[in-house]
Structures are given as C-alpha cells and as structure tokens.
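Breakdown of the fold
Given next are the chains, with one letter for each unit.
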Amino acid sequence: MADETCQSPYMAKITGEEEYVYVWTLGMEGVGDGSDKIVTVDVRSGSPTFGKVVDVDSVGGRHEAHHGGLTDDRRHYWVSGLDSNMIFLFDIASDPANPKLVKTINDFEAKSGGVVGPHGAYALPGRMLISGLSNSKKTGQTALVEYTNDGDYIATHWMPTADNPMGAINGEKADGYGYDARVLPRRNVMLSSSFTGWENYMRPLGEVVNDPEAMKKFGGSMVLWDFHARKPRQVFEVPGVPLEVRWAWGVDHNYAFTSTALTSEIWLVYEDENQKWHAKSVGKIGDPAKLPLPVDISLSADDSTLFVDSFMDGMTRVYDVTDPHSPKLIYEKKIGSQVNMVSQSWDGKRLYYTSSLLANWDKGGEDNEQFLKAYTWDGKELTPRFEIDFLAAGLGRPHLMRFGSSALYTY
C-alpha cells in the first residue's frame, strides 16, 4: 500500500501508488488570480502529464489557506482559511483529476460558539474534527469542533485552561492553546498540541519575534484526552510550541512524536508499562540557538524513521526512531531557502515537500521560493523526481498536500 502516512486510522487506504497530489495553496497578490486554490498535480508514473499541474480550483479571495484533510471515505477534501474562518468542501471522488467545490461553511465562528482559525480537519467515523487556533477575541484560547461529513455542526470541545482544567491531571499547566489533534483508538486517547492566537499568526514573523509580549503568547502544552468522552485527562508541559502530532502505527507502539518550533526539540509522548502517560524531550533538531523553526514531521509506516522539516534553514532531517526514546540523525538535505510541509507515501519510497508556512511568515526577496518538490527515498538519500515552481506557474504559496487515487472509486 502506498497511502500517505500520518493520516487518521479511520480513513480508507489507497492500494498501489498515489495518482494525484492535491495542494492547498495560498493566493498571492499579483500572482495569477491572487486567490487561494486547490492545485492538482499528476504523479502517475508513466503519465504524459507526470509532475504537471492538471487542474486548478480557486475558492476566490485570500483566506490564509493552511490545513485541512480528507473524510474517512476519502470522498471529500476539507480545507480552510485561518483568517476568514471559511471551510471549503471539495468532491474528489467524482473525478479525482478534477476536484469540485461542493460546499462552503461560512458560519464556523457563530456555530462553534466563538472559535476562529479553523486549522486541521481530521477524519473520524462519519465526522470531521476541526482544531481551532483562536477565538473571537483573537487570543489563543480555542477549541476542537466536530462536524458531520456533510458539513453540519455537531459540538465544540474547549481546551482546558489553568482556570478551568476540566479535571485533567496537571491541569494547572493548561494554557488553552490548540493546533493539531490526533487519535490512538486502541487506547481511547486523543492528543492535542498548541500554537498561538490570531493576534500572532496574522502578524509578520519579524514583528512577532521582536515583540517580547507577543513571544509570551505561544503554547507550551499538550493535552491527552479521553477520546470517547471528549474530556481532557492529562496536561503535559512541552515548552516551545509543539506543533504536529504523529502517532506510531505499530500494534504495541503506544507513543507519539511532536517537534517544538521555538526550542527545536523532538518530544515523545508515551504510555509506560503501568499505563501511565509521560512526555519528554528526546533529541535536538539542528542548532536551537539559530532557531531553525521545526515545522512539519512525517513518521514512516513502520515507525522506523522520522522526517523533520525546519522552515528557516530549509532543511529536512531524517531520524532513526526504532528506539523512540533515542532518535539518531541519519540523513539531512537542504530542500530550499524555506521548507514547510512533508508528505510521505505509505511504502516510504516517495516524499513530497512544499514551501509556505504563513503568508506573513514566509521569507521575502529571492528567499521567497514557492515550490512543490518530489523525491524518491531509498533509505539512504533523497533523489529529485520533479519540482514545480508555484510562482512561475502563477499559483501562489503551496502548503498542505493530500493524496488521491481513482482506484478508490471504481467499485
């Protein structure tokens, strides 16, 4: 199987190689139509349009395109805007080479009770879990929001805070921030991470870094939830903004990785032999003093290797994590002047990278490279497969990637 790793365990799996990569792309003023869009790239080996853009679907306007995800049946691709709070539902099943916008949710803030900055869209059975980044006051207090696959609001689950720990162990350390949220069904746990509020992520990065008060407004915690009850069980102190959550896939691997953006560390959240949960730093990423700013991570399907991207130095690093408590750096490569997202095929043979972080955080001038780059991975090195210059193509700033295959819909 060659499905993308690090997805919800509730999702249908692709058999064979992925055929298309769907790239959620930020619009740029003066570049093409200037709007956010889904860019579909043909990655079928031997195709006459291999490595080429085969479809572009604009949503109109700039919404700060960021994250999203596929429904459990993979028939719809949910993507959202951190600034406008709009969520766009694309049908990718009817014609996988030509996604179609079929619904727009424009009342997320009102329906959720004041959550803004819809971030991830994580597949649950018949539902989508949307992690928020902020609230109507534009601070970091936020929540997880559930919808049906048809786009109907179900419930809002607010993050615990020190003032309202909701019964969580170590709840006095809860800060209310959110970012990613992912589930380990067999242990009935969900793990959420933390970032910052609208007041920071919509400001230029240089301003934020040079504002001591703004730098105090970042998350430094992760929350372990009782998944079925949707109740926080335990709060972990994880200083330095833990972002992406990646659960291991092994049947007896009860642990997850994250990386901290501001302190440049790999953290492990794990269950011990007494069924107690812990969080600890297990390694450094580059030189923390130079603020490489680790962003996206990808764990291989066999739980043996962890790919870690760092935005500021444009590097991807590969760690041997067969012993999750002691990662070992085995490879590193500069992808570009900046790099953000990494998506890995299930068989571990292909990697895809995009460049954009946030519109106001991307680099300027010649360093503002905007690309999709594809590589093969043989376990020892990355070999270029193809690349697309999104600026030259008039597309914008590429961010989130998801995979598709027509073979899913031919039953």
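Residues numbered from 1 in each chain as written. Predicted model: local features only at pLDDT ≥ 70, side-chain atom pairs only at ≥ 80, totals over all residues. Heavy atoms only, no water.

The next subject is a negative patch on the surface. Taken together, Glu366, Asp367, Glu369, Glu387 and Asp389 make up a surface patch of like negative charges. For glutamate 387, a relative accessible area of 54% puts it in the exposed group. (Patch = residues over 30% accessible without salt bridge, like charges linked within 9 Å, V, L, I, M, F, W, Y side chains within 5 Å. Areas by Shrake-Rupley, 256 points an atom, 1.4 Å probe, with all protein chains shown as cover. Salt bridge = Lys/Arg side-chain N within 4 Å of Asp/Glu carboxyl O. Lys, Arg positive; Asp, Glu negative; His and termini not counted. Charge placed at Lys NZ, Arg CZ, Asp CG, Glu CD. Buried < 20%, exposed > 50% of the residue type's maximum accessible area, 1.4 Å probe, protein only.)

Once that is clear, we can look at the sheet that holds strand 13 (residues 189–192). Taken in spatial order, the four strands of this open sheet run 12-13-14-15, and their pairing is antiparallel. Two strands lie at the open edges of the sheet, namely strand 12 (181–184) and strand 15 (231–237), each paired on one side alone. Adjacent strand axes in the sheet meet at a mean angle of 25 degrees, parallel and antiparallel pairs treated alike. Bridge count for strand 12 against strand 13 is four bridges, and the pairing is antiparallel. (Pairing = 2+ DSSP bridges. Helix = DSSP H or I, 4+ residues; strand = E, 2+ residues; numbered from the N terminus. Axes fitted to C-alpha atoms, helices over the stretch in contact; angles between N-to-C directions.)

With that settled, the discussion passes to the environment of phenylalanine 227. Looking at where phenylalanine 227 falls in the secondary structure, it is placed in the loop between strand 14 (221–226) and strand 15. Judged by its relative accessible area of 4%, phenylalanine 227 falls in the buried class. Considered as a pair, phenylalanine 227 and leucine 124 are 103 residues apart in the sequence and their alpha carbons are 11 Å apart. With near-sequence residues (within four places) excluded, phenylalanine 227 lies in contact with Tyr10, Leu124, Val183, Asn188, Val189 and Met190. (Contact = heavy atoms within 4.5 Å.)

A few words now on the environment of glycine 206. Of note, glycine 206 is situated in helix 3 (residues 205–209). Sequence-wise, glycine 206 and asparagine 360 are 154 residues apart; in three dimensions their C-alpha atoms are separated by 9.0 Å.

Our focus in this paragraph is the packing of aromatic side chains. Inspection of every chain in the model, using the stated rule, returns 17 aromatic pairs. Each ring, one from tyrosine 352 and one from phenylalanine 403, has its centre 5.2 Å from the other, and the planes form 70 degrees; the classification is edge-to-face. You can see tyrosine 352 sitting in strand 25 (residues 350–354) and its partner phenylalanine 403 sitting in strand 28 (residues 397–404), a full 51 residues away along the chain. Accessibility assignment for this pair places tyrosine 352 and phenylalanine 403 in one class, buried. The structure contains a cluster of three or more aromatic residues connected by ring pairs, namely Trp78, Phe108, Tyr147 and Tyr153. In this structure, lysine 138 is placed above the aromatic ring of tryptophan 198, and the distance from its NZ or CZ to the ring centre is 3.7 Å. (Phe/Tyr/Trp six-rings, centres within 6.5 Å; stacked < 30°, edge-to-face > 60°. Lys NZ or Arg CZ within 6 Å of the ring centre and 35° of its normal.)

A few words now on unusual backbone geometry. Positive phi outside glycine occurs at valine 241, with the angle close to 75 degrees. With respect to the secondary-structure elements, valine 241 resides in the loop between strand 15 and strand 16 (246–247). One non-glycine residue, serine 264, lies in the positive phi region at around 55 degrees. By secondary structure assignment, the location of serine 264 is in the loop between strand 17 (255–260) and strand 18 (265–271).

According to the stated counting rule, one finds 24 salt bridges in the structure shown. One salt bridge connects lysine 217 with glutamate 199, and the closest N-O pair in it is separated by 3.7 Å. Of the two residues, lysine 217 is situated in the loop between helix 4 (212–215) and strand 14 and glutamate 199 in helix 2 (residues 198–201); the sequence distance between them amounts to 18 residues. With a shortest N-O distance of 3.0 Å, aspartate 296 and arginine 246 are connected by a salt bridge. Here aspartate 296 is found in strand 20 (residues 294–299), whereas its partner arginine 246 is found in strand 16, with 50 residues between them in sequence. Look at the salt bridges and you will find they share partners, linking Glu17, Glu18, Asp347, Arg350 and Arg385 into a network.

Where burial is concerned, most of strand 20 is hidden: six out of the six residues are buried. In the sheet, strand 20 pairs with strand 21 (residues 305–310) via four bridges, with the strands oriented antiparallel. The partner of proline 294 across the bridge, within strand 21, is serine 310.

By the criterion of burial, strand 28 is predominantly enclosed, with eight of the eight residues buried. Relative to strand 28, strand 1 (residues 20–26) is paired through seven bridges, and the arrangement is antiparallel. In the sheet register, leucine 26 faces strand 28, and the bridge partner there is arginine 397.

Read from one edge of the open sheet, four strands run 24-25-26-27, paired in antiparallel fashion. The open sheet is flanked by strand 24 (342–344) and strand 27 (382–389), the only strands paired with a single partner. When the angles between neighbouring strand axes are averaged without regard to direction, this sheet yields 20 degrees. Across three bridges, the pairing between strand 24 and strand 25 is antiparallel. Bridge pairing links valine 342 to tyrosine 353 in strand 25.

With that out of the way, let us pick up the side chain of histidine 157. Residue position: histidine 157 is located in strand 11 (residues 153–158). At 2.7 Å, the side chain of histidine 157 and the side chain of glutamate 146 are in polar contact. (Polar contact = N/O pair within 3.5 Å; in protein donor to acceptor, adjacent residues only side chain to side chain.)

Relative to the elements of secondary structure, asparagine 85 occurs in the loop between strand 5 (76–81) and strand 6 (87–91). Residue asparagine 85 is classed as buried on the basis of its relative accessible area of 10%. Among residues more than four places away in sequence, those in contact with asparagine 85 are Ile105, Phe108, Glu109, Val116, Gly117 and Pro118. Reaching out from asparagine 85, the side chain makes a polar contact with the backbone nitrogen of glycine 117 at a distance of 2.8 Å.

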